[in-house]
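Structure at a glance
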Amino acid sequence: MCGIIGYTGHRPGVPVVVEGLRRLEYRGYDSAGVAFGLKGGLEVIRAKGKLAALEEKLAHEPVTLATTAMGHTRWATHGEPAERNAHPHRSNDGRLAIVHNGIIENFQEIKADLLGKGYVFHSETDTEVLVNLIAECRKSQPDLLKAFAAALRQAHGAYAVCLMDRDDPDTLLAARMSAPLIFGIGTGEHFVASDIPAFLPYTRQVIFLEDGDIVRCTAGDYAIMRLEDLAPVRHPVQTITWDMQAAQKGGYRHFMLKEIFEQPRVITDGLSGRVQDGKVCLPELDGLPVPERLHIVACGTSYHSGLWGRHLLENWAHIPVQVEIASEFRYRESLLLGKGDMVLVISQSGETADTLAALRIAREKGVPVLGLCNVVGSSIAREASAVILTQAGPEISVASTKAMCSQMLMLALMALYWGQRNDGDAAERARCLSLLESLPVLLGEALPAMHERARELSRKYAQARNFFYLGRGHCFPLALEGALKLKELSYIHAEGYAAGEMKHGPIALIDPAFPSLVLALDDELYPKVVSNMVEVKARQGKVIALCNTGREPDADDIWRIPALPSPLAGFMALPALQLFSYEMADYLGKDVDQPRNLAKSVTVE
Ligand code: M6R
């Protein structure tokens, strides 16, 4: 959940690290800190709050002489957001400093042992325990690399760590276990970071480190070894093809807005090379049998994509589908039968701890796992039996938008592909494919007016403290997603509900101050949704109806969007819901790209 970066090279290291932290801030922003060697010492500067607070402190420090540095941006797990809990953490002897993303699960036992040996702790973090464990191991093993490995072998849990030594301040040691860490190779300089944009301005040559890897690097040299026995390992050097443009705001006020407006391009890129002669090409799936039962497992927005995809997979491919939240799936004795079953894990980041755990459980049971991920080289992308990359490009805003669009597209293609292998209706498939191909233009044309209407409605409803999002069929998962977007961005309580369930309890909440946004699209369930809406209106509930031109119900506010045949209409409704939440949050003065208490990549359970 945190972001780490280490740099060693020929440039002033602290500015490189701070700039990298800015591009990692989406991973957490409770505090930030840097470490660098200066005049034979190891300086650590930390500040509570966003990076700007750290920059303010650094402005008064002589940092430019150090050409090796490391930094951290935190999403608090152990210990409240406070300077004493900010990274880097030092060992008691002052020789070592460490930055850490992840959780050391057995830190209490290790801490008790170290307390018994006279160590003192200034924070509540597991990280301070780890750095002191390394210091303790060093007492019997003076070679720091060996002491580092020995300590990590005792630590259980997840980590991506970077370590600096006061006595050798131009060397970085780093390691990963169940938390992302990428190694960047420049000319006369090296980087380690939680994500590629942190160092992309300097190099495109990267190695995706694997669990159990340890790295030692200086400006001119590097070695990657196995944690187990320090034997050398070789991983391919890969070239990143996307550029910084993709990870910058490009003139938009926020990353979120840019990412919403990128969705037509995301669809174009996702379709590229996937359709030939009226057939869907998903070579990633050619070697796998068509599943007899599919279990979709994911969290948050990715879970909502899975719920939406179920409609298509069942209707078009005739595959029975279950969809489950990863944090529930992993602790339930699920009936994965092996033969004929397949698990599909969906994750933008490819690092979500619960989703990754679900993947591992399924693999242990011998069930093939298909990954649907956005981040190339992520843990899920590497550990799945097969992976389909959503190709949405970097998603920086903490609230997921274009990633969901790309997941929906790939789920639609998967449903068509498996339908094709199950001898499904070729004419229906051709019709859907041609609709999908027309989507980028239709959506691109619709977005400006949609944005304008979202702005108007957000102003009108900005006083609401509660919201219902109602939908049925393929619109129900979109209602869940609309509500999630509103609450995470605006801190307005919102509930997504199946419209037909309202009368079983929730309708009791309805009053004139509790509005509902109803997805009343022109599909087979339209008359049913309208009946549910009338029931809400009869209780003085205000209703915004998201509907299609030509089929408009009686509502307090009508929001017309272009019609598309069900269920592909979801591609038009999704950005409308995203824009409403975006405008609401911006109008209310909330931090759109970095909502409070959240982080982009949830690598803790
Ligand atoms: O990276 P993942 O898709 O696995 O992330 C899952 C959720 O953490 C994520 O969708 C989260 O709910 C977002 N904040 C939604 O905007």
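Scroll up for the structure.
A brief structural summary. On a predicted model such as this, the values are computed, not experimentally measured, just so you know.

**What about the site of the ligand?**
The ligand sits among 14 residues. The nearest are Ser302, Ser347, Ser349, Thr352 and Glu488. About the coverage of the ligand: the protein hides 90% of its 410 Å² of free accessible area. Among the elements of the structure, helix H9 (300-316) and helix H15 (475-490) are those that each provide at least two residues to the shell around the ligand. Of all the elements, H9 adds the most residues to the shell around the ligand, at three residues.

**A short note on the pattern of salt bridges**
One pass over the structure, following the stated rule, counts 40 salt bridges. Across the pair Glu284 and Arg274 runs a salt bridge whose closest N-O atoms are separated by 2.8 Å. With a gap of ten residues between them, Glu284 in helix H8 (residues 283-286) and Arg274 in the loop between helix H7 (263-271) and strand E15 (275-276) connect regions that are remote in the sequence. For Asp557, the salt bridge is made with Arg453, and the minimal N-O distance between the two is 3.9 Å. Of the two residues, Asp557 sits in strand E26 (residues 557-561) while Arg453 sits in helix H14 (residues 426-460), which places them 104 residues apart along the sequence. The exposure class assigned to Asp557 is buried, which follows from its relative accessible area of 9%.

**Focus: the packing of aromatic side chains**
Across all of its chains, the model carries twelve aromatic pairs by this definition. The structure contains a cluster of three or more aromatic residues connected by ring pairs, namely Tyr461, Phe467, Tyr469, Trp559 and Phe580. The residue whose ring lies beneath Lys50 is Tyr29, and the NZ or CZ to ring-centre distance is 5.2 Å. Above the ring of Tyr491, the side-chain terminus of Arg596 is found at 3.9 Å from the ring centroid.

**A short note on the sheet that holds strand E24 (residues 516-520)**
Pairing is parallel across the open sheet formed by five strands, whose spatial order is E23-E22-E24-E25-E26. Of all the strands in the sheet, just strand E23 (493-498) and E26 have a single pairing partner and so form its edges. Neighbour-to-neighbour, the strand axes of the sheet open up by a mean angle of 20°, direction not taken into account. With five bridges connecting them, strand E25 (residues 543-548) and E26 associate as parallel partners. Within E26, the position partnered with Leu546 by the bridge is Trp559. Along the sheet face, H14 touches E25 and E26 and points at about 165° away from the line of E26. Contacting strand E22 (466-471), E24 and E25, helix H16 (residues 526-538) runs over the sheet at an angle of about 160° to E24.

**Quick look at the side chain of Asn548**
Position of Asn548 relative to the elements: it lies in strand E25. In this structure, Asn548 is in contact with Ala520, Leu521, Asp522, Ile561, Pro562 and Ala563, ignoring residues within four places of it in sequence.

**Details of the nonpolar core**
Counting 93 residues, the largest nonpolar core has Trp418, Leu436, Phe467, Tyr469, Trp559, Phe571 and Phe580 as its most contacted members. At 13 residues, the largest contribution of residues to this core is made by helix H13 (residues 402-421). Not counting residues within four places of it along the chain, the set of residues in contact with Leu436 comprises Ile267, Leu271, Leu409, Ala412, Leu413, Leu416, Leu568 and Phe571. Within the second largest apolar cluster, 32 residues are counted, among which are Val129, Leu130, Leu144 and Leu163.

**Considerations on the packing of H13 against H14**
Running from amino to carboxyl end, H13 crosses H14 at an angle of 160°, the nearest separation of the two axes being 11 Å. Judged on the interaxial angle alone, H14 and H13 are roughly antiparallel. For the pair H13 and H14, the crossing hand works out as left-handed. Every residue of H14 that contacts H13 at Leu409, Ala412, Leu413, Leu416, Gly419 and Gln420 is listed here: Arg429, Cys432, Leu433 and Leu436. Tallied by class, the residues present in the contact of H13 with H14 amount to seven nonpolar, two polar and one charged.

Parameters and conventions
Residues numbered from 1 in each chain as written. Predicted model: local features only at pLDDT ≥ 70, side-chain atom pairs only at ≥ 80, totals over all residues. Heavy atoms only, no water. Near = heavy atom within 4 Å. Areas by Shrake-Rupley, 256 points an atom, 1.4 Å probe, with all protein chains shown as cover. Helix = DSSP H or I, 4+ residues; strand = E, 2+ residues; numbered from the N terminus. Salt bridge = Lys/Arg side-chain N within 4 Å of Asp/Glu carboxyl O. Buried < 20%, exposed > 50% of the residue type's maximum accessible area, 1.4 Å probe, protein only. Phe/Tyr/Trp six-rings, centres within 6.5 Å; stacked < 30°, edge-to-face > 60°. Lys NZ or Arg CZ within 6 Å of the ring centre and 35° of its normal. Pairing = 2+ DSSP bridges. Axes fitted to C-alpha atoms, helices over the stretch in contact; angles between N-to-C directions. Contact = heavy atoms within 4.5 Å. Core = buried A, V, L, I, M, F, W, Y, C linked by side-chain atoms within 4.5 Å. Parallel < 35°, antiparallel > 145°, perpendicular 65-115°, else oblique. Left-handed = near helix turned anticlockwise from the far one by under 90°. Nonpolar A, V, L, I, M, F, W, Y, C, P; charged D, E, K, R; others polar.

Distances and angles like these do not, on their own, reveal function.
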